[in-house]
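Architecture and fold: a report
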Amino acid sequence: MGERSMPSGAFASTIPIADLRHRASVPRVPDRPAPATGRLTDRLGRPLRDLRISVTDRCNFRCSYCMPKDVFDRDYAFLPQSSLLSFEEITRLARMFVGHGVRKIRLTGGEPTLRRHLETLVGMLAELRTVEGEPLDLTLTTNGSVLTKKAQALADAGLKRITVSLDALDDTIFRAMNDVDFPVADVLAGIDAALAAGLAPLKVNMVVKRGTNDGEIVPMARWFRENYGAAVVLRFIEYMDVGETNGWRMDHVLPSAAVIDRLADVFPLEPLDAHYGGETAERWRYVDGGGEIGVVSSVTQAFCRDCNRARLSTEGKLYLCLFATQGHDLRHLLREARASDEQIGGVLAEIWAQRGDRYSELRGAGKPQADGGARKVEMHYIGG
Ligand code: SAM
Ligand code: SF4
Ligand code: SF4
């Protein structure tokens, strides 16, 4: 095992080369950190509004597009408990992000509901207030597998909304996609439990993989519009080239435009305006009033221009893009450098000010990626 040092802009770096998950620079603490104003912008003028926090790198599913079984097998070294940020550390960092303008926090993973006592963290984050004095838009993305047991406690703790991932209604297809033989009925029961706990409207995310589950597009739409109407917003996600392990190929991507065409043939649709700038999904509604759907076209229509999202990994590394090859080690500031809130806030401001990430836009334009050749971080580690 070796280490090498590499300069990275204003930040001194120590990069362990044995495990690329840990490729991260140690941020330099500014001598005189500027106070947080809530109005940070990056090099492309994008504000910081949305923080996604991965609370565990573990998962009870092995979706082939995210954690393929042959890589994430029983020998795979997941992070030890001591590496994970504690709830106090997460909340402390979240407070600083909120001071810089974050209004929305999404808990993710891995499978976030596997993190023990997650509702305690939800309760701690629910206490935070935006710079405008409002409660946060606090949400969670989950595979839904344990929601029948946990939805009520999460809602009671202050969770506002929830997104459940579900790739098929057909039990055989669903069991094959999660690759652990998990039945679809249990996820559907989880969705019902979340709605009963008041987590409505609820989003359901379906990653569409051409040739695997694209035959489920119309059945999924029919099921949710007929049984749930406006209480569930189904969103079709283009299969993305995140990480390095899923064997992604462009011909496995079904463009969102084709998804809309297939649906509109059966259920006439009309476009809706975005709720807010930087929204990832393009919104549509059924003309007959049967509710709303969305498409997330990360591959065919990059939305980097408005991307206001930061991601905090399970062990406290900050990533500025889903396709980043390197993080910024905030846990080091908390644990080893014992930096003050003011200092860490100053570091966040410097890091965001230097952000120029726009991976999907460059990929769409056929341009070489900035960090050509380096490995991208895995999605279960930084969260979706
Ligand atoms: N385990 C939780 C879940 O599945 O909802 C949260 C973490 S998961 C990484 C977050 C989201 O990323 C899920 O909706 C999942 O379907 C999506 N996802 C994972 N890999 C993807 C890929 N290659 N392309 C598109 N979406 C992906
Ligand atoms: Fe687990 Fe979610 Fe990744 Fe599927 S998408 S393997 S449920 S983390
Ligand atoms: Fe944001 Fe990176 Fe996705 Fe572009 S590619 S939208 S910068 S996360």
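Residues numbered from 1 in each chain as written. Chains lettered and ligands numbered in written order. Predicted model: local features only at pLDDT ≥ 70, side-chain atom pairs only at ≥ 80, totals over all residues. Heavy atoms only, no water.

1. Details of the overall build of the protein chain
So the rule is basically this: Secondary structure follows DSSP: runs of H or I at least 4 residues long count as helices, runs of E at least 2 residues long count as strands, and numbering of each begins at the N terminus. Each radius of gyration reported is based on C-alpha atoms, and the globular scaling rule is 2.2 Å times the count of residues to the power 0.38. Any residue under 20% of the maximum accessible area for its type is buried, any over 50% is exposed, and the rest in between are partly exposed; the area is computed with a 1.4 Å probe on protein chains only. Pairs of residues are marked as contacts when any of their non-hydrogen atoms sit within 4.5 Å. The Shrake-Rupley method, run with a 1.4 Å probe, gives the accessible areas here. Residue values count only the displayed protein chains as cover. Positive charges come from Lys and Arg alone, negative charges from Asp and Glu alone, with His and the N- and C-terminal ends not counted. Charge coordinates come from a single atom per side chain, which is NZ of Lys, CZ of Arg, CG of Asp or CD of Glu.
Scanning the protein chain from terminus to terminus reveals 11 helices and 15 strands. For the protein chain, whose C-alpha radius of gyration is 20 Å, the value lies close to the compact-globule estimate of 21 Å for 384 residues. In terms of overall dimensions, the protein chain has a C-alpha envelope of 60 × 45 × 40 Å along the principal axes. The burial tally for the protein chain puts 55% of its 384 residues in the buried class. Here the contacts in the protein chain between residues at least 6 apart in sequence split such that 72% fall between residues at least 24 apart. Looking at the protein chain as shown, the accessible area adds up to about 16400 Å², and 50% of this sits on carbon and sulfur atoms. The average position of the 50 basic charges and that of the 51 acidic charges among the side chains of the protein chain differ by 4 Å.

2. Overview of empty space enclosed by the protein
We count it as follows: Cavity and pocket criteria rest on a 1 Å grid covering protein atoms alone: a 1.4 Å probe that fits but cannot get out defines a cavity, protein on both sides within 12 Å along at least 5 of 7 lines defines an open pocket, and an atom within 4 Å of a point defines a lining residue. Grid points are joined across faces, edges and corners, and a volume is the space filled by probe spheres set on the points. Residue classes follow a fixed rule: Ala, Val, Leu, Ile, Met, Phe, Trp, Tyr, Cys and Pro count as nonpolar, while Asp, Glu, Lys and Arg count as charged, and any other residue, Gly among them, counts as polar.
Within the structure shown, the criterion is met by 3 cavities of 30 Å³ or more. By volume, the second largest cavity is sized at about 40 Å³. Every residue along the wall of the second largest cavity is listed here: Ala221, Phe224, Arg225, Gly229, Val232, Leu234, Tyr286, Gly290, Gly291, Glu292 and Ile293. Put simply, the parts of the chain that give the lining of the second largest cavity at least two residues each are helix 6 (217-228), strand 9 (232-238) and strand 12 (292-296). Residues of the lining of the second largest cavity, tallied by class, amount to 6 nonpolar, 3 polar and 2 charged.

3. Let's talk about the pattern of salt bridges
Note the cut-off: Whenever a carboxyl oxygen of Asp or Glu lies within 4 Å of a side-chain nitrogen of Lys or Arg, that contact is scored as a salt bridge.
Under the counting rule described, the total for this entry stands at 20 salt bridges. Counted as one network, the salt bridges with shared partners bring together Asp42, Arg46 and Arg355.

4. Regarding the environment of arginine 355
Let me state the cut-off plainly: Distance and chemistry together define a polar contact, namely a pair of N or O atoms within 3.5 Å, with one atom able to donate a hydrogen and the other to accept it when in protein, and with adjacent residues in sequence counting only for side-chain atoms on both sides.
Assignment of secondary structure puts arginine 355 in the loop between helix 9 (341-353) and helix 10 (359-364). Considered as a pair, arginine 355 and cysteine 63 are 292 residues apart in the sequence and their alpha carbons are 31 Å apart. At a separation of 2.9 Å, a polar atom in the side chain of arginine 355 contacts the main-chain carbonyl oxygen of cysteine 307.

5. A few points about the site of ligand 3
Which entries qualify depends on this criterion: Only a single heavy atom is needed: when it lies within 4 Å of a molecule or strand, its residue is near that molecule or strand.
Neighbouring ligand 3 are Phe303, Cys304, Cys307, Arg309, Arg311, Cys321, Leu322, Phe323, Asp357, Arg358, Tyr359 and Ser360. In the shell around ligand 3, the residues fall into 7 nonpolar, 1 polar and 4 charged.

6. Details of helix 2 (residues 118-126)
Put simply, the rule reads: Note: the arc covers the axis-to-C-beta directions of the helix.
Residues of helix 2 that are buried include every one of Leu118, Leu121, Val122 and Leu125, and no others. One side of helix 2 holds all its buried residues, which, seen down the axis, span an arc of 105°. Contacts from the buried residues of helix 2 go to helix 1 (87-99), strand 5 (104-108), strand 6 (137-142) and helix 3 (147-157).

7. Here's the deal with the packing of aromatic side chains
Rules: Pairing of aromatic side chains here covers Phe, Tyr and the six-membered ring of Trp, requires ring centres within 6.5 Å, and sorts the geometry by plane angle: under 30 degrees stacked, over 60 edge-to-face, intermediate tilted. In our convention, an over-ring charge means Lys NZ or Arg CZ found within 6 Å of a ring centre and within 35 degrees of that ring's normal.
Following the criterion strictly, the structure yields 8 aromatic pairs and no others. An angle of 80° between the planes, with centres 5.7 Å apart, marks the rings of phenylalanine 267 and tyrosine 286 as edge-to-face. Here tyrosine 286 lies in strand 11 (residues 282-286) and phenylalanine 267 lies in the loop between helix 7 (256-266) and strand 10 (269-271), a separation of 19 residues in the sequence. Linked through ring pairs, Phe61, Phe174 and Phe182 together constitute an aromatic cluster. Note that arginine 225 overlies the ring of tyrosine 286, its terminal NZ or CZ placed 4.6 Å from the centroid.

8. Observations regarding the confidence of the model for the protein chain
For any part of a model where pLDDT is low, the fine detail of the predicted coordinates should not be relied upon. Note the following rule: Confidence of the predictor at the level of single residues is captured by pLDDT, which takes values from 0 to 100.
Mean pLDDT for the protein chain: 90, with 92% of residues reaching 70 or above. Across residues 1-18 the pLDDT falls below 50, and counting only partners more than four positions away or on other chains, this stretch makes 38 contacts in the model.

9. Re the nonpolar core
For clarity, the cut-off: Here, nonpolar core refers to any group of buried Ala, Val, Leu, Ile, Met, Phe, Trp, Tyr and Cys residues whose side-chain atoms link them within 4.5 Å.
Ile105 and Ile191 are the most contacted members of the largest nonpolar core, which has 95 residues in total. Not counting the four nearest positions on each side in its chain, isoleucine 105 is found in contact with Leu51, Ile53, Ala94, Val98, Leu125, Leu136, Asp137, Leu138 and Thr139. In terms of nonpolar packing, the next biggest core, distinct from the first, is built from 16 residues, Met240, Tyr319, Phe323 and Val377 among them.

10. Things to note about the site of ligand 1
If you check the shell around ligand 1, you find 19 residues, and the closest are Gly110, Glu111, Ser165, Met240 and Met379. Taking tyrosine 65, its main chain carries an N or O atom lying 3.1 Å from a nitrogen atom of ligand 1. In the environment of ligand 1, an oxygen atom lies 2.5 Å from a nitrogen or oxygen atom belonging to the side chain of serine 165. Taking 540 Å² as the accessible area of ligand 1 by itself, protein coverage stands at 94%. Elements with a contribution of two residues or more to the shell around ligand 1: strand 6 and strand 8 (202-208).

11. Some details on the pairing of strand 4 (residues 50-54)
The criterion, for reference: When DSSP locates at least two bridges between a pair of strands, those strands are taken to pair. Here a crossover is taken to be right-handed if, once the strands point away from the viewer, the path from the first strand over the helix to the second is traced clockwise.
Strand 4 sits mainly inside the fold: 5 of its 5 residues count as buried. Because side chains alternate across strand 4, one face comprises the buried residues Asp50, Arg52 and Ser54, and the other comprises Leu51 and Ile53, equally buried. Summarising the sheet, strand 4 and strand 5 pair through 5 bridges and their orientation is parallel. Bridging across to strand 5, arginine 52 finds its partner in arginine 106. For the crossover from strand 4 across helix 1 to strand 5, the handedness is right-handed. Judged from the 4 bridges that link them, strand 4 and strand 13 (residues 309-312) form a sheet pairing that is parallel. Note on strand 13: the bridge partner recorded for aspartate 50 is arginine 309.

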